[in-house]
Amino acid sequence: MGYAHEYADAILQRNRVPMEPVDYVPNWADGPRKGKHYPGVDSMPLPASGYPADASLDRGLDQDAARDGEFDLPALSGMLRDSYGLTGRRLGVQANTDLSALPHYPLANWSRGSASGGGLYPVSVYWVSGASGPVPPGVHYYSTRHHAMQRLLTGEVSHEVRAALGDGAPGPDTDQYLVLGIKYWQNAFKYNNFSFHAVSMDLGACLQTWRMWAGARGLSVEPALWFDEERLGRLLGVDTQEEGLFAVVPLKWAGTGPHRAPAPAPPAEASVRHRDQERSLTVLTFDALRRMQTVTAGHAADRPSPADLAPAAAHPVDRTRPEVALPPAGPLGTDVRTALRDRRSSFGRFDAQHPLTASQLASCLAAAAAGSRIGGDDGGQRLAKLYAFVSHVESLTPGAYEYDPEAHSLRLVKAGRPGEFLQRNYFLTNYNLEQAGAVLVPTVRTHAVLDAVGDRGYRLVNATVGAIAQTVYTAASAVHTGCGVALGFDNLSYAEELGLEATGEAPLLIMMIGNERPAPADFRYEIA
């Protein structure tokens, strides 16, 4: 049994048995940047990108839709801008603990399309462009603050990425790749050893934004999570103990045919020489975080077969339980760009006097089920199952339910108002769970996944959960209701309340949805 099993148990128990270091206090004055800083490199601004009117969220989530389109530079620019670029400023009056700091410009919270644990956004995006690309071949880093590509290396090195992926990698034959890294200190300075759990969900949130955005435009995003991580680390010039490389996304590029001539091999040991300049004067390391990077990077090139994950599929729905019908999921006709830019966390603004409609709940549940596969190396298996604590939903009796995605219905697990249970088992002050219309809970059989594919499967587990969270956030935006996602709850109490001890299902995250108090105070940054 690998170390990831121990870490998974520690995560579930952390609200009863605190994780070390229990006395850790972040040094906010010496915190890192929310992105990497490469001084002295050339920068290429990315072009503006239009968005078709028919690029709806429904289309983005439709796994059966045709996705044979090709990326070009405007499409890449638009996907990056709408996922991780800065698109607005958050200054609404809400209940999060950082509210008093937000009006100060140096501490401003800039919103992005993808959600992030603690609003820290630690995902690094690199573009490895080969000879068929629109710019000279090389390696670029996406600077979110400038919406620009910063050139880190000039030369044809795309074959290094292909070699790192190995045989059987998902995605098209191409020489254009996005590589997603996570610089741990950007999150660990706040969450220490817990940060590996949070950042691997950030990966899924970013990937799912890309999948929805690309799918709505007839494009495909199929991430590979298994590849030679050390080889890519050498190419990108990163120490993989400090920055894990979590995913590679091959892009089907305009003008790149299936019979593209192989690129000439560059000099041996081609590597980015530029180094990120850290803002923090003191950078700390954390034992559990380092061990998780080590074990999940081990055997990283040993890609599992699609069938390997079958024993870890989501636990079947118990159809002996009483069934409660749901109305058809309403259309998510909002275009993906608008839904992403309107997405936000509710932070205590839920209002039980304005119940959620059953149609809104149905739309969020159906979207979550559609977004529960990240594609690529997930083997096509549905790993996650959804539960719902219903408190204030029109025409639905309060209680705890499991969601049946095939029948699009609820199965009653436990009757009764869940508000007192929900609030008692939440440990922060920024959400009023008893006022939410419903609290959705994704579960994954984490240990079964680890048994099936090894320690690196922990990244897949959390990426799947992060993808679900991002889908629910975006769907809630599209049906004009509030949403919030949190990790500060007693996981074991939720497992006990839902009767999951025997199934091996782990509740890993909670997602609150519900209507908010009308006319909340906010700051119109776009007209300031």
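Residues numbered from 1 in each chain as written. Predicted model: local features only at pLDDT ≥ 70, side-chain atom pairs only at ≥ 80, totals over all residues. Heavy atoms only, no water.

Engineer: Mind showing me how you'd approach the overall build of the protein here?
Structural biologist: From N to C terminus, the protein includes 14 helices and 16 strands. Its C-alpha atoms give the protein a radius of gyration of 22 Å, near enough to 24 Å, the size a compact globule of 528 residues would have. Taking all 528 residues of the protein together, 59% fall into the buried category. Put simply, of all contacts in the protein between residues at least 6 apart along the chain, 82% involve residues at least 24 apart. Here the protein displays about 20100 Å² of accessible surface, and carbon together with sulfur accounts for 53% of that area. Side chains of the protein carry 47 positive and 57 negative charges; the gap between the two charge centres is 4 Å. (Helix = DSSP H or I, 4+ residues; strand = E, 2+ residues; numbered from the N terminus. Rg over C-alpha atoms; globule rule 2.2 N^0.38 Å. Buried < 20%, exposed > 50% of the residue type's maximum accessible area, 1.4 Å probe, protein only. Contact = heavy atoms within 4.5 Å. Areas by Shrake-Rupley, 256 points an atom, 1.4 Å probe, with all protein chains shown as cover. Lys, Arg positive; Asp, Glu negative; His and termini not counted. Charge placed at Lys NZ, Arg CZ, Asp CG, Glu CD.)

Engineer: Before we go on, may I ask you to explain the packing of aromatic side chains in this structure?
Structural biologist: The way to describe two aromatic rings as a pair is by their centre distance and the angle between their planes. Per the stated rule, a full pass over the model turns up 21 aromatic pairs. Consider the rings of Y38 and Y141, whose centres lie 5.4 Å apart with planes at 65°: the pair is edge-to-face. Remark: Y141 occurs in strand β5 (residues 138-143) and Y38 occurs in the loop between α1 (3-13) and β1 (43-45); sequence separation between them is 103 residues. Ring centres of Y126 and Y141 lie 5.8 Å apart, and the angle between their planes is 55°; this geometry places the pair in the tilted category. Taken together, the residues Y126 in strand β4 (residues 123-129) and Y141 in strand β5 connect sequence positions 15 residues apart. Ring pairs connect the aromatic residues Y7, Y184, F196, F246 and Y458, which therefore count as one cluster. (Phe/Tyr/Trp six-rings, centres within 6.5 Å; stacked < 30°, edge-to-face > 60°.)

Engineer: I keep staring at the sheet that holds strand β6 (residues 148-154) and nothing clicks. Help me out?
Structural biologist: The strands that make up a sheet are held in pairs by hydrogen bonds between backbone atoms, and each pair lies either parallel or antiparallel. The strand order across the open sheet formed by six strands is β1-β6-β5-β4-β7-β8, and the pairing between neighbours is antiparallel. Looking along the sheet, the strands with just one partner apiece sit at the ends: β1 and β8 (243-250). For this sheet, the mean angle separating the axes of adjacent strands, direction not counted, is 30°. One ladder, built from seven bridges, connects strand β7 (residues 176-183) with β8; its direction is antiparallel. Residue G181 lies in a different strand from β8, and its bridge partner there is L245. (Pairing = 2+ DSSP bridges. Axes fitted to C-alpha atoms, helices over the stretch in contact; angles between N-to-C directions.)

Coordinates in, geometry out; function isn't part of it.
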